[in-house]
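Understanding the architecture of this molecule
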Amino acid sequence: MELPIKFESAVRLLAEQDKSLADRLWRWARIIATSVEDPAVALVSAAKELGELKRDVLSLARSALGSKTSSGDDRPPRRDVLLATHSLIVLSSFFETLDERLTRPIPILKLSEREKLTIATESSPSRGTLKSLIEARIPYPDPSTSMDLLADNCEQYFVKLGEMVLRFFSGLEAWNQLSRGAREELVRELSVYIPQRARDRYEHNFARLCSLAPEYLIWTQFRQHSMLLRQIAALDESLQIEQLTESLQRVEAGMAATQRTLQILQNGSGAGRSVNIERLNEINRIAANGPLVPVRDTSGLPVASPSLKDAYQSPMFRVDQHTSDARESDDSWWNERQLRDDFDTFITGYLCHPLSTRAPLLVLGRPGSGKSAWTRVCAATVGEGGMVGIRIALRDVSPELTIQQLIEFQLREDLGRATNWADFLESAQESIPVVLFDGLDEYLLVTGSDEVDFLTRIQDFQVKWESIGHPIIAVVTSRTVVAARSRVPGGTFVLRLESFDEKRIVRWVEAWNVYNTDSYLEAGRDPLSSAAILRQSTLAREPILLLMMALLDAHGPALDAGDRPLARSELYERLLGSFLRREAERSEQRVSSRIEIAVEERFTQLGVASLGMSARGRQGLFHEELAADLERSCMMVSDSYSQVSGDVDAATRLVEAFFFIHESRAHLPSSGSTSQVVGRYYEFVHPTFSEYLLARLVLKQLSVVPIGISDAESLERLEMIFGASCFSAQPEVLNFCSEIAETGATWVDIPFALERAKPILEETAAVTSAAGNPALPRSGQTLQHIAVLSANLVGVTVELTGRVEFDTLVSKASADIWQRMAHLWAAMLPSADWFAFASRYDVVTEQGVISIRRREVALPISRPLEAELAGASILLNQNHVRLLEFVMDLDSSPARDISTAILSDYTDDRAVAQFIVRLAGTEPQNIETLNRELPRLKNAAVRTGLLGRMLRFF
């Protein structure tokens, strides 16, 4: 929300500090708004008066900001005094400059007698113009606005004030009596020179404000302005500014800079706080100082986990204020926002800004980007800085609760007893609560809630309590994709966390190595290599994956061992396999044969989970879905594990064993001290885990048939995996298949995989056969299922070999059989899946042998013509290919219209088709023939889809 910072609101607020000063400011305003004598003289006089008032305002502000308020104090909050003082300084910068410039020898504009009579009336346009000088909204600093931008905003404000003065002067009868040169001089003064000089004066005055209160410095991204810092240092008589800038300019882990800065700003605030406040702060400190990784996940490793607070790295970020045309769920929109590196400074500035108690801060980020970790560190940090943090994991609460009930529920969980919110605020004294609502996306997803007003409910809650003297800061975290589903209050700050850059990766590795120095020495191992980590920068940029790589390095061979960098598929195999193996070692009493079986069983189960996500078209599964999928797939694991695979708890066991699976929960609080779980949703912390696990499952099942499995069971397995969803819509799954084969994974048997695919593709060929009666699909099969199944098998076999001859997949292969199979895919697959398949693969015929190969570069299919061309090449329809290539080569834009629209007044589609086929059969240079027909066609109304309709006729 915007702050209505105007002259009137600023004076009213300062009146609570000094009534006599406020009265003088009101008298000054009346001079401006109601003068009926010489207006230029009045303005100059008012400008001199405001210059004197400015000194008194600064003196009052210094006194007000230097003393601390206490519970029950009626004085306005410090943060409001800061903005009120700034507003008057902005206004005085303009009028002091006006005083300087209008003392130059210009003709004095006088009012006529008629104007003196009318200007005193409320309805007078002239009087309204003067009043608007003190009613215009004044720019103010905020944590998202740099000093340069703030000064730009003030200069624009000064231009508007100049226009108002000029509008008043030019409306007087005396204006026309001035010479042209005098009028032009006055226009230049008020539209150019005065605004520019006022900006210079404002920047000087702002430095004085910064020496008075360091919040101004924090709000304006001060690190970009060394000159401003030197000015402030010269003005400031204490060491506070020096301490502040040194604190925020230091590069270190976590939010230590924020903590120290808040301590400087609070200046001892928070002493003598209640037992509840101290208890909460202690709980938050314990959480932040707890291990980054659960102890069970580092047991048996030559390393230990540093604390969350020690390992935490403040991220890069982008931030903006929400407007009606904002697109916070759109990456391209965010890429237009400035990438910032001063996270501590922004958060500190936000916490001490008036806007923070009037609307929530929305923090967005991808899974694994560190949102939840930051809320834990932040809750501890604000407590050390004189505030009090209350962290609410929304995954643990019911959507039926009000905002106040959510907070009271969390207080009961933390303090161990029911706590009334109003009583808690009274006991907090001047410690402002910072309520962190973590996981709005989980709250909406798991509970199935369609609520879009959660953020506005929080804002209403903040406004209500601030109106009765209890300001509250609220922060909400969520995944970026959920931003589109939520109604964001106007003016709300929306921040998106960005991935780690190389600097943060190196700092994280250094912190890890420092903590584990003794452990590495004792184990005789080299520390974690930053260079090895940076070679896998795609993964290392996400904090949770960086941690997993550090644990992997400690578990087996170092990441930089070997004569070449690990391929991505090899890294994933080691990364996931190391966690599965350590879990198996704990559960299988270190019997090597059973450990390897258990590891493979877990891999299979995780692959089944990935398959379920793929089949449902999303990146996660509800608990009931995962349990059902594991039960249906029990035939895919060995007998030693089947006894628990069908158990409902199999899903729970799988999820709880590994922290690279993220669990979202929704709870329904009960009347006691416990709560009931009402929903669970699982997903991998990074989507590429799911893609790799699915590729691994696909190749494993295609390459290996366990002993004792019948042909029917083997066929059923393949159909379940390959018929679930079309892989062409998931290019990363296919990329992993290709990479696994290229790196020579020992368990991939390419000749055997081709043989395994052959029976199913033979059956597909029989179903699509035109000879005699085509075979009917087996019971339970549909043509769509057969299309998905066969397209996936063909695609995966091509990924394994790069190029495969059709007769190795289908006996008695022919162009006719291939075309009929391809037509089945074109007809039965979703259009996006079909065109993705056609863009990835190519079909060539050499000496009568049909081969399918992977294109070196996938065809672009963003436009209809490109997609149609890709499909026509797979269908071996050379007429269509020639037609499309011919039309795409045409330079005439009307000629292109033929390929993308059908003419509504040309009713005989067959005639249109035959006409274009004739053209396609001619030489491409023969454009005149086409152009002769175009005038008759292009004047008709058009509608989309010409090619799709035409191509059915031939």
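Remember, predicted model here, so these are calculated numbers, not experimental data.

1. Overview of the sheet that holds strand β10 (residues 803-805)
- With respect to topology, 3 strands assemble into an open sheet ordered β10-β12-β11, the strand pairing being antiparallel. Looking at the sheet topology across the chains shown, the edges are occupied by β10 and β11 (841-846). Between one strand axis and the next, the sheet turns through 25 degrees on average, direction left out of account.
- By the bridge criterion, 3 bridges tie β10 to strand β12 (residues 849-854) in an arrangement that is antiparallel. Its bridge partner lying in β12, Val804 is registered against Ile852.

2. Remarks on the packing of aromatic side chains
- Tallied over the full model, the rule gives 27 aromatic pairs.
- Between the aromatic rings of Trp421 and Phe424, the centroid separation amounts to 5.6 Å while the plane-to-plane angle is 15 degrees, which identifies the pairing as stacked. Separated by 3 residues within a single helix, Trp421 and Phe424 lie in helix α19 (residues 421-428), roughly one turn from each other.
- The class for Trp421 is buried, based on a relative accessible area of 0%.
- For the pair Phe722 and Phe727, a centre-to-centre distance of 5.9 Å together with 55 degrees between the ring planes defines the contact as tilted. Comparing Phe722 with Phe727 shows no difference in burial state: the two are buried.
- Following the ring pairs from residue to residue traces out a cluster consisting of Phe317, Phe343, Phe346, Tyr350, Trp374 and Phe493.
- Sitting over the ring of Phe736, Arg568 keeps its end group 4.1 Å from the ring centre.
- The cationic tip of Arg696 hangs over the ring face of Phe603; the distance from NZ or CZ to the ring centre is 3.7 Å.

3. Examining the pattern of salt bridges
- By the definition in use, this model includes 37 salt bridges.
- Asp441 is the partner of Arg479 in a salt bridge, and the nearest nitrogen-oxygen pair spans 2.7 Å. Linking Arg479 in strand β5 (residues 473-479) with Asp441 in helix α20 (residues 440-447), this pair joins segments that are 38 residues apart in sequence. Here Arg479 and Asp441 have matching classes, each one buried.
- Each of Asp152, Glu155, Arg199 and Glu203 takes part in one network of salt bridges that share partners.

4. Things to note about the nonpolar core
- Of all hydrophobic cores here, the largest spans 117 residues; its most connected members are Trp508, Phe660, Phe689, Phe722, Trp818 and Trp825.
- Excluding residues within four positions of it along the chain, Trp508 makes contact with Leu292, Ala311, Gln313, Phe500, Leu528, Leu546, Leu547 and Ala550.
- Listed in part, the 66 residues of the second largest apolar core include Cys154, Tyr157, Cys352 and Trp374.

5. Quick notes on the pairing of β5
- Counting buried positions along β5 yields 7 of 7 residues, so the element is predominantly enclosed.
- Here β5 shows no split at all, with Ile473, Val475, Thr477 and Arg479 on one side and Ala474, Val476 and Ser478 on the other all buried.
- One ladder, built from 5 bridges, connects strand β2 (residues 361-365) with β5; its direction is parallel. Paired with Val363 across the two strands is Thr477, which belongs to β5.

6. Brief notes about the sheet that holds strand β3 (residues 388-393)
- Read across the sheet, 6 strands follow the order β1-β6-β2-β5-β4-β3 without closing on themselves; strand pairing throughout is mixed. The open sheet has two edge strands with one neighbour each: β1 (317-321) and β3. Sheet twist, expressed as the mean angle between neighbouring strand axes with direction ignored, is 20 degrees.
- Pairing of β1 with strand β6 (residues 493-497), which is carried by 5 bridges, proceeds in the antiparallel orientation.

7. Observations concerning helix α17 (residues 371-384)
- If you check α17, its first and last C-alpha atoms are 20 Å apart, about what 14 residues at 1.5 Å a residue would give, namely 20 Å.
- Of all 14 residues in α17, 10 are buried; the element is thus mostly enclosed.
- Lys371, Trp374, Thr375, Val377, Cys378, Ala379, Ala380, Thr381, Val382 and Gly383 are the residues of α17 that are buried.
- Gly386 sits one or two positions beyond α17 and adopts a positive phi of about 100 degrees.

8. Remarks on the pairing of β11
- Two elements, β11 and β12, share 6 bridges in a ladder whose sense is antiparallel. Bridge pairing in β12 links Glu846 to Val849.

9. So, helix α13 (residues 275-288)
- Between its first and last C-alpha atoms α13 spans 20 Å; for 14 residues at 1.5 Å apiece the expected length is 20 Å, and the two agree.
- Residues of α13 that are buried: Asn276, Ile277, Leu280, Asn281, Asn284 and Ala288. Around the axis of α13, the buried residues are gathered within 130 degrees of arc, so they sit on the same side. Of the residues in α13, the exposed ones pointing more than 90 degrees away from the buried face are Val275 and Ile286.
- Buried residues belonging to α13 abut α14 (308-311), α17, β3, α18 (403-415) and α19.

10. A closer look at the confidence of the model for the protein
- The pLDDT averaged across the protein works out to 74; a share of 66% of its residues lies at or above 70.
- Of all secondary-structure elements in the protein, the lowest mean pLDDT belongs to strand β14 (residues 942-944), at 33, while strand β4 (residues 433-438) reaches the highest, 95.
- Per-residue pLDDT stays below 50 along residues 119-127; that stretch engages in 16 contacts with residues further than four places along the chain or on separate chains.

11. Quick word on the packing of helix α35 (residues 750-767) against helix α36 (residues 783-801)
- α36 packs onto α35 with a crossing angle of 150 degrees between their chain directions and a minimal axis gap of 10 Å. Comparing the axis directions of α35 and α36 gives the class roughly antiparallel. Helix-helix and strand crossings are classified by hand; for α35 and α36 the assignment is left-handed. Between α35 and α36, the contacting residues are Ile750, Ala753, Leu754, Ala757, Ile760, Leu761, Thr764 and Val767 on the first element and Leu783, Ile786, Leu789, Ser790, Leu793, Val794, Thr797, Leu800 and Thr801 on the second.
- Tallied by class, residues from the contact of α35 with α36 come to 13 nonpolar, 4 polar and no charged.

Definitions and limits used
Residues numbered from 1 in each chain as written. Predicted model: local features only at pLDDT ≥ 70, side-chain atom pairs only at ≥ 80, totals over all residues. Heavy atoms only, no water. Pairing = 2+ DSSP bridges. Helix = DSSP H or I, 4+ residues; strand = E, 2+ residues; numbered from the N terminus. Axes fitted to C-alpha atoms, helices over the stretch in contact; angles between N-to-C directions. Phe/Tyr/Trp six-rings, centres within 6.5 Å; stacked < 30°, edge-to-face > 60°. Buried < 20%, exposed > 50% of the residue type's maximum accessible area, 1.4 Å probe, protein only. Lys NZ or Arg CZ within 6 Å of the ring centre and 35° of its normal. Salt bridge = Lys/Arg side-chain N within 4 Å of Asp/Glu carboxyl O. Core = buried A, V, L, I, M, F, W, Y, C linked by side-chain atoms within 4.5 Å. Contact = heavy atoms within 4.5 Å. Expected span 1.5 Å × (residues − 1). Arc of directions from axis to C-beta. pLDDT = per-residue confidence, 0-100. Parallel < 35°, antiparallel > 145°, perpendicular 65-115°, else oblique. Left-handed = near helix turned anticlockwise from the far one by under 90°. Nonpolar A, V, L, I, M, F, W, Y, C, P; charged D, E, K, R; others polar.

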